[in-house]
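Listed here are the chains, written in short residue letters.
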Amino acid sequence: MGDLTEPILQELRAIRKGRGLQASNLGQRVGPQLRNLCADPSRPEQSGFRRSLITELSRCVSRLPPDMRLALEVGLGLLADVQGMILTDRVSWLASRIGRQERTALRRMADAEQLLSEEIERELAQRRSRMPVAPHGWYLELLTTLLRLDTPTPEAHEHRKIVATHDGLQTVMTWLDVPGTQADARPALDVDVLYGGRLVRRETPTTGRFTFIVQLPEPLRAGATHQFGLILRIPEGQPMRPHYIMTPEFQCDRFRLTVRFDRDKPPGWIRRVYGETVRMFDSPGRPAEHLRPDTAGEVHLDFDNLTLYLGYGAQWSF
């Protein structure tokens with residue numbers, strides 16, 4: 001079993017419930033690993049999501065032994081004969097088909113899901129090996145961010161540890177998206193380099209996207225690491241959307257986030273965003289489970305092996 005086998009297994013079991021792949025709320029029940037399996041990473045909200053997921057799962061299921069394939073086709077609702085049935089009816093159908101008791105049929109489904117999760121992990125690993133993990137000549141080993149909401153204006157202290165992938169790396173481009181609000185459709189952003197380099201250029205290629213070119217103290221050789229820090233501030237009086245989301249566009253091994261709220265003005269709720277598309281975290285509604293700040297007014301979140309083009313971080317509401 002690899003690092004992702006267990007998360008994938010839990011996502012498969014979440015889909016198995018109710019009407020399986022025919023559930024009306026399928027998009028809300030699919031986790032980041034299965035979403036990554038079926039979605040074009042550059043367009044994670046493409047149309048035909050259900051059809052794409054069924055196609056990709058069917059392809060992985062087809063590589064397993066026949067008895068495991070049947071258990072999965074019934075358990076997930078892939079088989080035409082059981083589509084639309086709730087889980088208990090599908091279990092009964094499988095038990096009758098294989099001539100066993102229902103608990104045996106359910107155990108067969110669980111065993112098959114274990115094999116499928118391993119197969120999906122292999123498939124995702126093969127895809128990652130074909131992706132350019134460092135198209136700019138470096139990748140993020142660690143991003144550590146402290147977002148302060150207890151200051152006169154929001155400010156993010158970002159500390160990056162990068163790894164060079166070719167010799168002679170001299171500059172690093174970083175970027176941040178600051179979505180506009182109804183009150184301010186053209187947001188602005190101030191930046192300072194705290195250490196580890198100097199800012200040589202800043203650009204705004206599109207409304208709300210800010211890019212910064214940081215020159216390193218000296219060229220890096222392939223495999224060398226370097227750390228530098230930025231402080232980013234929302235200008236005074238400019239509203240900020242109530243979230244801080246990291247959406248990797250190339251390899252990011254680890255992301256640590258601390259959000260420090262004003263203890264005198266705590267939010268109504270805070271939730272962890274883990275592997276979500278923009279549509280999911282743009283208007284989520286009040287979560288069933290939410291985070292609570294500690295006595296310092298802080299929440300701490302940690303993410304590993306982030307999936308390309310999916311969002312990780314925190315969201316809140318006052």
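The structure contained in this document is the topic of the report that follows. Just so it is clear, the model here is predicted, and its values are computed rather than measured. (Residues numbered from 1 in each chain as written. Predicted model: local features only at pLDDT ≥ 70, side-chain atom pairs only at ≥ 80, totals over all residues. Heavy atoms only, no water.)

**Regarding the overall build of the chain**
Argument step 1. When helices and strands are counted, the chain shows 8 helices and 12 strands.
Argument step 2. A buried classification covers 46% of the 318 residues belonging to the chain.
Argument step 3. Within the structure as shown, the chain displays about 16,200 Å² of accessible surface, and the carbon and sulfur contribution to it stands at 47%. (Helix = DSSP H or I, 4+ residues; strand = E, 2+ residues; numbered from the N terminus. Buried < 20%, exposed > 50% of the residue type's maximum accessible area, 1.4 Å probe, protein only. Areas by Shrake-Rupley, 256 points an atom, 1.4 Å probe, with all protein chains shown as cover.)

**Some thoughts on the packing of aromatic side chains**
In this description, a pair of aromatic rings is defined by centroid distance and the angle of the planes.
Argument step 1. Inspection of every chain in the model, using the stated rule, returns 9 aromatic pairs.
Argument step 2. With 6.3 Å between their ring centres and 20° between their planes, Tyr 274 and Phe 303 make a pair best called stacked. Note that Tyr 274 is positioned in strand β10 (residues 269–276) and Phe 303 in strand β11 (residues 298–304), a separation of 29 residues in sequence.
Argument step 3. One aromatic cluster is present, built from ring pairs that chain together Tyr 244, Phe 255, Tyr 274, Phe 303 and Tyr 312. (Phe/Tyr/Trp six-rings, centres within 6.5 Å; stacked < 30°, edge-to-face > 60°.)

**A few points about the pattern of salt bridges**
Argument step 1. Using the criterion set out here, one finds 19 salt bridges in the structure.
Argument step 2. The salt bridge partner of Glu 119 is Arg 63, with a shortest N-O separation of 2.9 Å. A residue pair is termed long-range when its members are at least 10 positions apart, and Glu 119 in helix α7 (residues 102–130) and Arg 63 in the loop between α4 (49–61) and α5 (66–75) qualify at 56 residues.
Argument step 3. With a relative accessible area of 11%, Glu 119 lands in the buried category.
Argument step 4. Arg 209 is paired through a salt bridge with Glu 249; the nearest N and O atoms lie 2.6 Å apart. Pair noted here: Arg 209 is in strand β6 (residues 209–220) and Glu 249 is in the loop between β8 (243–246) and β9 (254–260), with a separation of 40 residues, a long-range link.
Argument step 5. Classification of Arg 209 as buried rests on a relative accessible area of 18%. (Salt bridge = Lys/Arg side-chain N within 4 Å of Asp/Glu carboxyl O.)

**Some words on the environment of Asp 111**
Argument step 1. By the secondary structure assignment, Asp 111 is in helix α7.
Argument step 2. Remark: the alpha-carbon pair of Asp 111 and Ala 71, spanning 40 residues in sequence, is separated by 8.8 Å.

**Describing the pairing of β9**
Argument step 1. Pairing between strand β1 (residues 138–148) and β9: 6 bridges, direction parallel. The residue of β9 that forms the bridge with Thr 144 is Arg 256.
Argument step 2. Judged from the 7 bridges that link them, β9 and β11 form a sheet pairing that is antiparallel. Bridge assignment links Arg 260 to a residue of β11, and that residue is Glu 298. (Pairing = 2+ DSSP bridges.)

**Remarks on the sheet that holds strand β2 (residues 155–164)**
Within a sheet, neighbouring strands are paired by backbone hydrogen bonds and run either parallel or antiparallel to one another.
Argument step 1. With mixed pairing, the 6 strands of this open sheet are ordered in space as β4-β7-β2-β1-β9-β11. Every interior strand has two partners, whereas the edge strands, β4 (190–195) and β11, have only one. Adjacent strand axes in the sheet meet at a mean angle of 15° when their direction is disregarded. (Axes fitted to C-alpha atoms, helices over the stretch in contact; angles between N-to-C directions.)

**Things to note about the sheet that holds β10**
Argument step 1. Read from one edge of the open sheet, 3 strands run β8-β12-β10, paired in antiparallel fashion. Both edges of this open sheet fall to β8 and β10, since each of them pairs with a single strand only. When the angles between neighbouring strand axes are averaged without regard to direction, this sheet yields 15°.
Argument step 2. Taken together, the 4 bridges between β8 and strand β12 (residues 311–317) define a ladder with antiparallel strand orientation. Bridge assignment links His 243 to a residue of β12, and that residue is Gln 315.

**Focus on helix α1 (residues 5–16)**
Argument step 1. For α1, with 12 residues, the first-to-last C-alpha span of 17 Å sits near the 16 Å given by 1.5 Å per residue.
Argument step 2. Among the residues of α1, Thr 5, Ile 8, Leu 9, Glu 11, Leu 12, Ile 15 and Arg 16 are the ones counted as buried. With its buried residues spanning 160° around the axis, α1 presents them on a single face.
Argument step 3. Positive phi appears at Gly 18, one or two residues downstream of α1, with a value of about 60°. (Expected span 1.5 Å × (residues − 1). Arc of directions from axis to C-beta.)

**Considering the pairing of β1**
Argument step 1. Sheet topology note: the β1/β2 ladder contains 10 bridges and is antiparallel. Bridge pairing in β2 links Leu 146 to His 157.

**Overview of the packing of α5 against helix α6 (residues 87–98)**
Argument step 1. Contact pair α5 / α6: the axes reach a minimum separation of 9 Å and the direction vectors enclose 155°. With respect to α6, the element α5 is oriented roughly antiparallel. Taken as a pair, α5 and α6 cross one another with a handedness that is right-handed. Residue-level contacts link Leu 70, Ala 71, Val 74 and Gly 75 of α5 to Leu 87, Arg 90, Trp 93, Leu 94, Arg 97 and Ile 98 of α6.
Argument step 2. When its residues are assigned to classes, the contact of α5 with α6 shows 7 nonpolar, 1 polar and 2 charged. (Parallel < 35°, antiparallel > 145°, perpendicular 65-115°, else oblique. Left-handed = near helix turned anticlockwise from the far one by under 90°. Contact = heavy atoms within 4.5 Å. Nonpolar A, V, L, I, M, F, W, Y, C, P; charged D, E, K, R; others polar.)

Honestly, that's just the spatial picture; any functional story needs more than this.
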